[in-house]
Amino acid sequence: MTCEELYQLLHDYVGGALVVESRTTVEVHINGCDHCGVLVHSYSHTVRVARALPKCGLPPAFEARLRAVIEPELKGDKPAG
Ligand SMILES: [Zn+2]
């Protein structure tokens, strides 16, 4: 698995929506890649905090900040659409 593939699975991984095989693949990559390990850790922390908020969904300003952090990582290998 490449870092780009991990980014595409990150949301489902953190949300627990991946099948066991995909989770294992992600975890193997995280264990061998410090950069993605930190990214997954901070992303899952952010999701947990967001879920603990009284309102559903992220505040727009917060989501914009999160995107500003994540999107530079995605540049260069955008999925179609
Ligand atoms: Zn990686």
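1. Comments concerning the coordination of the zinc ion
1) Next: The zinc ion binds to the protein through Cys3 (SG), His29 (NE2), Cys33 (SG) and Cys36 (SG), with metal-donor distances spanning 2.0 to 2.4 Å.
2) Next: Bound by four donor atoms, the zinc ion shows angles of 102 to 113 degrees at the metal and therefore tetrahedral coordination geometry.
3) Next: Look at where the donors of the zinc ion fall in the sequence and you get C-x25-H-x3-C-x2-C. A residue pair is termed long-range when its members are at least 10 positions apart, and Cys3 in helix α1 (residues 3-14) and Cys33 in the loop between α2 (20-32) and α3 (34-52) qualify at 30 residues.

2. A look at the nonpolar core
1) Next: Ranked by internal contacts, the top residues of the largest apolar core, which has 16 residues, are Leu6 and Tyr13.
2) Next: Those elements that provide at least two residues to this core are α1, α2, α3 and α4 (60-74).
3) Next: Excluding residues that lie within four positions of it along the chain, Tyr13 makes contacts with Leu18, Arg23, Val26, Glu27, Ile30 and Val40.

3. Notes on the packing of α1 against α3
1) Next: Closest axis-to-axis distance for the α1/α3 pair is 10 Å, and the angle between their directions is 25 degrees. Classified by the angle their axes make, α1 and α3 are roughly parallel. Here the hand of the crossing between α1 and α3 comes out right-handed. Mapping the contact onto sequence places Cys3, Leu6, Tyr7, Leu10, His11, Tyr13 and Val14 in α1 and His35, Cys36, Leu39, Val40, Tyr43, Ser44 and Val47 in α3.
2) Next: By residue class, the composition of the contact of α1 with α3 is 11 nonpolar, three polar and no charged.

4. Remarks on the confidence of the model for the chain
1) Next: Scored by pLDDT, the chain has a mean of 83; 84% of the residues are at 70 or more.
2) Next: Across the chain, the element-wise mean pLDDT spans from 78 in α4 up to 95 in α2.

5. Details of α2
1) Next: The end-to-end C-alpha distance of α2 is 19 Å, a good match for the 18 Å that 13 residues give at a rise of 1.5 Å each.
2) Next: Next to the buried residues of α2 lie α1 and α3.

6. Here's the deal with the side chain of Thr46
1) Next: Relative to the elements of secondary structure, Thr46 occurs in helix α3.
2) Next: Every residue in contact with Thr46, bar those within four places of it in the chain, is listed here: Phe62 and Leu66.

Conventions used here
Throughout this document, residue positions are counted from 1 along each chain, in the order its sequence is written. In view of the model being predicted, local features appear only for residues whose pLDDT reaches at least 70, and side-chain atom pairs are presented and counted only at 80 or more, with totals across whole chains, interfaces and linings using the full set of residues. Side-chain measures were taken over the full set of non-hydrogen atoms in the model, leaving aside hydrogen atoms and water. For Na, K and Ca the donor cutoff is 3.2 Å, while for all other metals N, O and S atoms count as donors only within 2.8 Å; water does not appear among the atoms, so some sites may look incomplete. Square planar and octahedral sites, with four and six donors, are those where opposite donors lie more than 155 degrees apart and all other angles lie between 65 and 115, tetrahedral sites have four donors with every angle between 85 and 135 degrees, and the rest are irregular. Segments assigned H or I by DSSP are reported as helices when at least four residues long, segments assigned E as strands when at least two residues long, and all are numbered from the N terminus. Buried Ala, Val, Leu, Ile, Met, Phe, Trp, Tyr and Cys residues form a nonpolar core when they are joined through side-chain atoms within 4.5 Å. For every residue, the accessible area obtained with a 1.4 Å probe (protein chains only) is divided by the maximum for its type, and the residue is called buried under 20%, exposed over 50%, and partly exposed between those limits. The contact criterion used throughout is that any non-hydrogen atoms of two residues lie within 4.5 Å. Every axis in this analysis is a line fitted to C-alpha atoms, fitted for helices over the stretch in contact. Angles between the N-to-C directions lie between 0 and 180 degrees. Note that the term roughly parallel is reserved for angles under 35 degrees, roughly antiparallel for angles over 145, roughly perpendicular for angles of 65 to 115, and oblique for everything else. What makes a crossing left-handed is the near helix being turned counterclockwise from the far one by less than a right angle; a clockwise turn instead makes it right-handed. Residue type decides the class: Asp, Glu, Lys and Arg count as charged, Ala, Val, Leu, Ile, Met, Phe, Trp, Tyr, Cys and Pro as nonpolar, and the leftover types, Gly among them, as polar. Known as pLDDT, the predictor's confidence for each residue is given on a scale from 0 to 100. One less than the residue count of a helix, multiplied by 1.5 Å, gives the span that helix is expected to have.

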